[in-house]
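# Per-entry structural report
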Amino acid sequence: MKFLGELDAVALGRTQRCNRRLTDPNRLQAIRDTGLMDTPREEAFDRLARLAAEILHVPLTIVSLVNDHKQFFKADFGLPSPFRETRELPIDASLCRYTLEGESIISSNALADPFLKFHPSTGPWGIVAIIVLPLINPDGHVLGTFCCIEPKVREWTEHELTVMRELTASIMTEINLRNQIAKLKVEQNLRDTFVAALTHDLRTPLTASKLSLQVLGRRHADLPGIQTSVARVTQSLDRAERMIQDLLDASQVQAGNQMSLRLSECDLHAITVQTLEELATVYTDRFVLTSDGALEMMADPIGLRRIVENLASNAAKYGAPGTPIEVILSRTSAQVTLQVKNQGNPILGDELRNIFEPFHRSRSAKESAEKGWGLGLPLVKGFAEAHGGKASVTSSAQDGTCFTITLPLNASSH
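A word on the pattern of salt bridges. Across all of its chains, the model carries 18 salt bridges by this definition. For R178, the salt bridge goes to E174, with nearest N and O atoms at 2.9 Å. One end of the pair is R178 and the other is E174, both in helix 5 (residues 158-219) and four residues apart, which spans about a single turn. Looking at R178, the relative accessible area reads 26%, which means it is partly exposed. Ionic pairing is found between E385 and K381, a salt bridge with its closest N-O pair at 2.9 Å. Taken together, the residues span about one helical turn, with E385 and K381 both in helix 11 (residues 376-386) at a distance of four residues. The exposure class assigned to E385 is partly exposed, which follows from its relative accessible area of 38%. Taking the relative accessible area as the measure of exposure, K381 reaches 28% and is therefore partly exposed. Salt bridges sharing common partners tie together R17, R21, E101 and E103.

Structure below.
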């Protein structure tokens, strides 16, 4: 860029340093990562430009991005034609490029400023008093600027400078949040792809193992203890398959997707009885069921079973050893309620608030000998909400821990 006069050593040094930053590939990549260059106007940024103009009583405010060949006007208030239509300025005409070292440009009278008075845009743009603040990302790269322009001499007050700094921070908060959301979406897609590939690759050898086991069981059925061994290994393989399915379902929950259901007429009481009987073979006879009898409903029977299984097994694993676990079923005219209560150390504070989050494990779970992935409770919540119901928990030293699941009698209407 050719200035209209000779710059002093300080101003010349600033231009040289900023020119080197102009083509920094890391800075340019940071601008691309925002996804904002050459995009339509957005109220989120226009609002901040209007607010600055209103509070400071200036006729022109601009939110810009500055890459290596142009200055792009993402938002503005009072931008004249033809720039309001083209929304860009060649980089050689850009004043904002001289903030790329992170230094602001603040002047009450550009025409008397040793640097600004020689810039070729000062006169044509009617720039007299000006504030130009750099938009700096968390990695220290200057993406662009937020500026306000006054066509007459004006001493900026500390309050006005503070307002501009706060609004600049708000612009960067918006940009940074968008970047984080974009990164999370990429990470989520990678995680989903990984989980899908992993579970597919695991299921193939599991299926082959079960088939081979069945063949061995039939071929050597006369050998002592063979059926017991086959049953034990089959149970382990079935558990591995359930863990794979839990991982898939938890991935869906974490992505914000609703669990898929296969609805049919079923009896929650019968499902609960059968599930508790099977769990009793592992956790002994600790489960105490209270119910008024059959609870017919339209729901996903496998989903109901997984709710009961996860809550009851968690209570057995992490509750006080040897104490009874209460399982209570009740109903109203429109919904059924399942409660699972156990005694033991209470779950408090953040642990209680985050207990339904995927991969979260409470302190008692981490300290216990029982291993887990922290997927059971997120799945309970996911199945409950997919039915149109909800999951909640209370916990105290006096009353113990109680998980409550409420479900509509007819999930097909939700």
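With that settled, consider the packing of helix 8 (residues 301-318) against helix 11. In contact at an axis separation of 9 Å, helix 8 and helix 11 are set at 145 degrees when each is read in the N-to-C sense. For the pair helix 8 and helix 11, the crossing hand works out as left-handed. Where helix 8 abuts helix 11, its residues G303, R306, I307, N310, L311 and N314 lie against G376, L377, L379, V380, F383 and A384.

Moving on to the nonpolar core. Note on soluble globular proteins: their nonpolar side chains tend to be buried together. L268, F287, M297, L304, L311, L338 and I405 are the most contacted members of the largest nonpolar core, which has 39 residues in total. Counting residues per element, the ones that place at least two in this core are helix 7 (268-283), strand 9 (296-299), helix 8, strand 10 (325-331), strand 11 (335-342), helix 11, strand 12 (390-396) and strand 13 (400-408). Ranked by the residues each element gives to this core, the list is headed by helix 8, at seven residues. The residues touching L311, leaving out its near neighbours within four places in the chain, are L338, V340, L377, V380, F403 and I405. Counting residues in each nonpolar core, the second largest holds 29 residues, with L48, I131, F146 and W156 among its members.

Before going further, it helps to spend a moment on helix 2 (residues 25-34). Those residues of helix 2 that fall on the buried side of the exposure criterion are R27, L28, A30, I31 and T34. Seen from one end, helix 2 has its buried residues packed into an arc of 155 degrees, which puts them on one side. Opposite the buried face of helix 2, by more than 90 degrees, sit the exposed residues P25, N26 and R32. Capping the start of helix 2, D24 holds a side-chain oxygen 3.0 Å from the backbone nitrogen of N26, two or three residues further along. Where helix 2 ends, the next residue or the one after it, G35, has phi of about 70 degrees, a positive value.

Right, let's get into the sheet that holds strand 2 (residues 70-77). Ordered in space as 3-2-1-6-5-4, the six strands form an open sheet in which the pairing is antiparallel. Where the open sheet ends on each side, the last strands, each with one partner, are strand 3 (88-90) and strand 4 (105-107). Mean inter-strand twist for the sheet, computed between neighbouring axes without regard to direction, equals 25 degrees. Sheet topology note: the strand 1 (residues 60-66)/strand 2 ladder contains six bridges and is antiparallel. Among the inter-strand pairings, S64 is bridged to a residue of strand 2, identified as F73. On the sheet, helix 2 packs against strand 1 and strand 6 (142-150) and is oriented at approximately 75 degrees with respect to strand 6.

The rules behind each value
- Residues numbered from 1 in each chain as written.
- Predicted model: local features only at pLDDT ≥ 70, side-chain atom pairs only at ≥ 80, totals over all residues.
- Heavy atoms only, no water.
- Salt bridge = Lys/Arg side-chain N within 4 Å of Asp/Glu carboxyl O.
- Helix = DSSP H or I, 4+ residues; strand = E, 2+ residues; numbered from the N terminus.
- Buried < 20%, exposed > 50% of the residue type's maximum accessible area, 1.4 Å probe, protein only.
- Axes fitted to C-alpha atoms, helices over the stretch in contact; angles between N-to-C directions.
- Left-handed = near helix turned anticlockwise from the far one by under 90°.
- Contact = heavy atoms within 4.5 Å.
- Core = buried A, V, L, I, M, F, W, Y, C linked by side-chain atoms within 4.5 Å.
- Arc of directions from axis to C-beta.
- Polar contact = N/O pair within 3.5 Å; in protein donor to acceptor, adjacent residues only side chain to side chain.
- Pairing = 2+ DSSP bridges.

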